[in-house]
Amino acid sequence: MNSAVAHPVATASGPVRVTSPAPRAVWRQLASADGNALASQTPTWLDCICATGPYEDASRLYEFEGGRRLVVPLARRRGWPARLVGEDSWPSDWGIGGPLVSPGTPDETEARVVFDDLARRPALLVGVRFGPGADPVWARAAPQSFRAEEHMTQVLDLDGGFGTVWDQRFRGRVRRAVRRAERSAIKVEVDRTGRLVPAFYDLYEQSMVRWARQQHEPLALARWRQTRSFPRRRLEAVADRFGESCAIYLAWCAGEPAAAIVVLRHGHHAKYWRGAMNRDLAHPVRANFLLHRLAVEDACEAGSRYYHLGDSRPGSSLAHFKDGFGAESRSTPAFRRERLPVSAADRRLRSAVKRLIHFEDA
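Everything numeric in this text was worked out from a predicted model, so none of it was measured. (Residues numbered from 1 in each chain as written. Predicted model: local features only at pLDDT ≥ 70, side-chain atom pairs only at ≥ 80, totals over all residues. Heavy atoms only, no water.)

**Considering the nonpolar core**
Stage number 1. Membership of the largest hydrophobic core comes to 40 residues, with the highest contact counts inside it found for W45, W90, F200, V238, V262, L264 and W273.
Stage number 2. Listing elements by their share of this core, those giving two or more residues are α1 (24-33), α2 (43-52), α7 (197-214), α9 (232-242), β13 (246-253), β14 (256-266) and β15 (269-277).
Stage number 3. It is α7 that provides the largest number of residues to this core, a total of seven residues.
Stage number 4. In this structure, F162, A251, Y272 and L290 belong to the second largest nonpolar core, which totals 38 residues. (Core = buried A, V, L, I, M, F, W, Y, C linked by side-chain atoms within 4.5 Å. Buried < 20%, exposed > 50% of the residue type's maximum accessible area, 1.4 Å probe, protein only. Helix = DSSP H or I, 4+ residues; strand = E, 2+ residues; numbered from the N terminus.)

The structure is reproduced here in structure tokens:
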């Protein structure tokens, strides 16, 4: 863990004290007080990132003269010069980061102070992805040096409890699929200890084969890519550190694992994080519909106000699946400042690889 360094910053609105890394006690307090905070904005999430990859804590705490405190979660690659690495929330497919604020929401001047401080960082890249509950003040305050990237995530409102969600938000096709699953010989286990991590990851490896076929991608390349983006140790770390706040729902069919989902809970929010299945077993009995129905009911009973179903491409079959549960698309923008066009080069490389794969497949 890096030693925290604090220094005052003079701004037009008064002095601001900036501390990095952010003290964990303050960060946890803000994560508890901020009603928009997700599990992926907690220091526990950063611990998982650092435990399973070459990253270290680069978070920043801002203390304003009026008493407002704000933490920007950030991670950076350790062991490299600052000008050669990124400071991001989050790196490597770790999802939504974004500032935590208490009390209330920042005004535009405070948001601009944060962006100006991040713009001065020596890092090659600085990026912050905001959650669906982020105040519009951030988009207004973002300077031109930060390029906006639009992302959409789908969120189900749990207001009114599970009865209301089932009757008024689940589409008829989802209710029919759930009833079909309930009539089938499916057994569902819910694990909050990490015991089912091996079973989940076995299903995930089976899913890699299906994804490779869908993308016309060589299986060896698909396995290499997927295991790098989501290695088993990542799920083990999250299950271990989040404890009962990390639930694995596993559907058994004909005595074999058929489908599984991982759901994280923090404050008012339950988040579907990962899913995997044996399609031959799961699809005929609509196992995934039943798993999400149970996870949504559990979230309602736990007092959650929202069930996050994650990102999906508009118009895709995945987006259609999530829409069936009544999830609404919400903006979760990212803002990035780059000293060199790293992201553009990465996108071009990925596109070139895909074109090569499709050319060889033809």
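**Regarding helix α5 (residues 161-169)**
Stage number 1. All of the buried residues along α5 are F162, V165, W166 and R169. With its buried residues spanning 120° around the axis, α5 presents them on a single face. Residues of α5 that are exposed and point more than 90 degrees away from the buried face comprise D167 and Q168.
Stage number 2. In this structure, the buried side of α5 is in contact with β11 (152-157), α6 (172-183) and α11 (287-301). (Arc of directions from axis to C-beta. Contact = heavy atoms within 4.5 Å.)

**Quick notes on the pairing of strand β4 (residues 60-64)**
Stage number 1. When you tally the buried positions in β4, you get four out of five residues, the bulk of the element.
Stage number 2. Bridging between β4 and strand β5 (residues 69-72) involves four bridges; their strand directions are antiparallel. Paired with R60 across the strands is V72, a residue of β5.
Stage number 3. Between β4 and β5, which pair antiparallel in sequence order, lie four residues; one of them, G67, sits at a positive phi of approximately 105°. (Pairing = 2+ DSSP bridges.)

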